[in-house]
Amino acid sequence: MAVYNPKSLKAEDFINHEEILATIQYAEENKNNVELIRQILDKAKPVKDAKGTTCKGLTHREASVLLACEIPEINEEISRLAEEIKLAFYGNRIVMFAPLYLSNYCINGCVYCPYHRKNKHIARKKLTQDEIRQEVIALQDMGHKRLAIEAGEDPKNNPIEYILESIKTIYSIKHKNGAIRRVNVNIAATTVEEYRMLKEAGIGTYILFQETYNKESYEQLHPTGPKHDYAYHTEAMDRAMEGGIDDVGLGVLFGLEMYKYEFAGILMHAEHLEAVHGVGPHTISVPRVKRADDIDPDVFDNGIPDEMFEKIIACIRIAVPYTGMIISTRESEEVRKNALKKGISQISGASRTSVGGYTEEERPHDSEQFDVSDQRTLDEVVKWLMDMGYIPSFCTACYREGRTGDRFMSLCKTGQIQNCCHPNALMTLCEYLQDYASDETKKVGYDLIERELEKIPRERTKEIAKERIELIKTSDSRDFRF
Ligand code: SAM
């Protein structure tokens, strides 16, 4: 029998089934243990000192107790604490991105995904470099600066050379004042050598959703194809880090397995990365299974109600305070609004989940991966965020300046990241407003920028930010360091 060991490189040791079951039982037994819950909440609270704000985070066991707690007043406290932590490390900034689907050819048999090999009626598409160019221009014309590229797993149709060439194409396009400044990559688990190639191609985060941490369910949900191999998939982030990629993004597809299992699993994965590589995940995504061509989400009987979904987000935020959290357009405006308060720091906008979708006038469905609930334009999402007091940020400076992996984490942990993130977010928002926003959004945005500039603590930084913003407003000078 495998033994729980976060430092082991074997999936069954660091995502240990027995430890997850014991965690769920421990959480159940202590869900009304007010004394213990108080201790856990106290441990998780942000602490301020001369150097800045720090948070200890929680272990998977401690966080699981919070998740299981059924005492309404304490649950309200959990929500408030999540919001406090989010504000302490991310302020009111929300990073914007869009997915770009390159190819939906796939040889896997994932039962929840319409790209599975046996689906003969979905249109199979793979973008040529010229089509990628058109898609990227359409995305730049909306104002996007950060993309997550997506592809099915198919070594013949989508080999690593195709992915690398596509990344090169994306970075090379400078259309009007636009540029894609960070390309994150969500492709199937691969070898150290191929991760090294991705790193050399200048990718930002390597994202790979675990789908489920439960090995038995995993094997049933991925009955055929290379993705069937649980250990190979679960150990992918270690190979990615060995290949030099220091920002990795985790996620589970909620709805497939019991959420308590996934919750403990994802936190154990984060603990493992921290224990072995000295740096936790850069991001955690929280997708839920959606309706799609030949996929009915109701056949998966572990769907979670919105309220529990939001609590999961809050508990992740408290457990891993320095990790970015991503919510996609799978979720509705309402759910996204609540999730933002609970700890989400990155959202997608105006997403199309079909291959070649951005160059079509109408949202195409023929090659779509799943239904999109939030169908608003980027301009609408940006205005909506600002109306709620958030700063939509198109900043990619950390990546450009090499503040990734443990360098990013150590800055984040000492609260330093906030000294540069706030002005950078305002400058990139200003670029967006100037180049792409509607008049109504511009007005809301410029008022917001003016108010937010005054909050920059260092006088010299404030002065520089004001000068740059004036420059952006009055010229086509765009600073590609952001
Ligand atoms: N082929 C890569 C892999 O295996 O990881 C890329 C993944 S795919 C393009 C991106 C993610 O979409 C998957 O990891 C999965 O979690 C999610 N996904 C698949 N089908 C979905 C559905 N019906 N609803 C919501 N999300 C889905």
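Okay, so let's go over this structure. (Residues numbered from 1 in each chain as written. Predicted model: local features only at pLDDT ≥ 70, side-chain atom pairs only at ≥ 80, totals over all residues. Heavy atoms only, no water.)

## Concerning the pattern of salt bridges
- Taken as a whole, this structure holds 33 salt bridges when the rule is applied.
- Across the pair K383 and E440 runs a salt bridge, and its minimum N-O distance is 3.8 Å. On the criterion of sequence distance, the pair formed by K383 in helix α15 (residues 378-387) and E440 in helix α19 (residues 439-453) is long-range, its members being 57 residues apart.
- Look at E440 and you get exposed, because its relative accessible area is 55%. (Salt bridge = Lys/Arg side-chain N within 4 Å of Asp/Glu carboxyl O. Helix = DSSP H or I, 4+ residues; strand = E, 2+ residues; numbered from the N terminus. Buried < 20%, exposed > 50% of the residue type's maximum accessible area, 1.4 Å probe, protein only.)

## Structural notes on the site of the ligand
- Neighbouring residues of the ligand: 20 residues in total, closest Y112, E211, K227, K290 and R330.
- R330 places a polar side-chain atom, nitrogen or oxygen, 3.0 Å from a nitrogen atom of the ligand.
- Its residues assigned to classes, the shell around the ligand comprises ten nonpolar, three polar and seven charged. (Near = heavy atom within 4 Å. Polar contact = N/O pair within 3.5 Å; in protein donor to acceptor, adjacent residues only side chain to side chain. Nonpolar A, V, L, I, M, F, W, Y, C, P; charged D, E, K, R; others polar.)

## Structural notes on the side chain of E257
- Within the element layout of this structure, E257 appears in the loop between β7 (248-251) and α12 (259-277).
- Buried charged residue E257 carries no salt bridge. Nearest counter-charge: K260, at 11 Å.
- A polar contact of 3.4 Å, which involves the side chain of E257, links it to the side chain of N214.
- Ignoring any residue separated from it by four or fewer positions in sequence, one finds E257 in contact with T212, N214, S217, E262 and N302. (Lys, Arg positive; Asp, Glu negative; His and termini not counted. Contact = heavy atoms within 4.5 Å.)

## Details of the pairing of β7
- Here β7 shows a buried face lined by V248 and L250 and a second buried face lined by G249 and G251.
- In the sheet, strand β6 (residues 206-207) pairs with β7 via two bridges, with the strands oriented parallel. Paired with Y206 across the bridge in β7 is V248.
- As paired elements, β7 and strand β8 (residues 283-285) share three bridges and run parallel to each other. Across the sheet, residue G249 finds its bridge partner in β8, namely T283. (Pairing = 2+ DSSP bridges.)

## Topic: the packing of aromatic side chains
- One pass over the full model with this rule turns up six aromatic pairs.
- Ring geometry for Y195 versus Y206: centroids 4.8 Å apart, planes at 65 degrees, classification edge-to-face. Placement of Y195 in helix α8 (residues 192-200) and of Y206 in strand β6 is noted, with a sequence separation of eleven residues between them.
- The class for Y195 is buried, based on a relative accessible area of 0%.
- Residues F394 and Y432 carry aromatic rings whose centres are separated by 4.9 Å and whose planes lie at 10 degrees to one another, so their mutual orientation is stacked. Remark: Y432 occurs in helix α18 (residues 417-436) and F394 occurs in the loop between β11 (391-393) and α16 (397-400); sequence separation between them is 38 residues.
- Since its relative accessible area comes to 2%, Y432 is described here as buried.
- Ring pairing ties together the aromatic residues F394, Y432 and Y436, which thus form one cluster.
- The ring of Y446 carries the charged tip of K473 above its face, separated from the ring centre by 4.5 Å. (Phe/Tyr/Trp six-rings, centres within 6.5 Å; stacked < 30°, edge-to-face > 60°. Lys NZ or Arg CZ within 6 Å of the ring centre and 35° of its normal.)

## A few points about helix α13 (residues 306-319)
- With 14 residues, α13 should reach 20 Å at 1.5 Å per residue; the first-to-last C-alpha distance of 20 Å fits that figure.
- When α13 is considered as a whole, its buried residues turn out to be M308, F309, E310, K311, I312, I313, A314, C315, I316, R317, I318 and A319. (Expected span 1.5 Å × (residues − 1).)

## Observations concerning helix α2 (residues 17-29)
- Between the first and last C-alpha of α2 there are 18 Å, a value that for 13 residues agrees with the 18 Å anticipated at 1.5 Å per step.
- Residues of α2 that are buried: E19, I20, T23, I24 and A27. Taken down its axis, α2 places every buried residue within 140 degrees of arc, on the same side.
- Lining the buried residues of α2 we find α4 (60-68) and α12. (Arc of directions from axis to C-beta.)

## Side note on the nonpolar core
- Core analysis: the biggest nonpolar cluster contains 146 residues, and L100, L198, Y206 and I347 have the highest contact counts within it.
- Beyond its immediate sequence surroundings of up to four residues, L100 is in contact with L127, E135, V136, L139, L147, A148, I149, E150, I170 and Y358. (Core = buried A, V, L, I, M, F, W, Y, C linked by side-chain atoms within 4.5 Å.)

Limitation: the analysis is restricted to geometry and does not speak to function.
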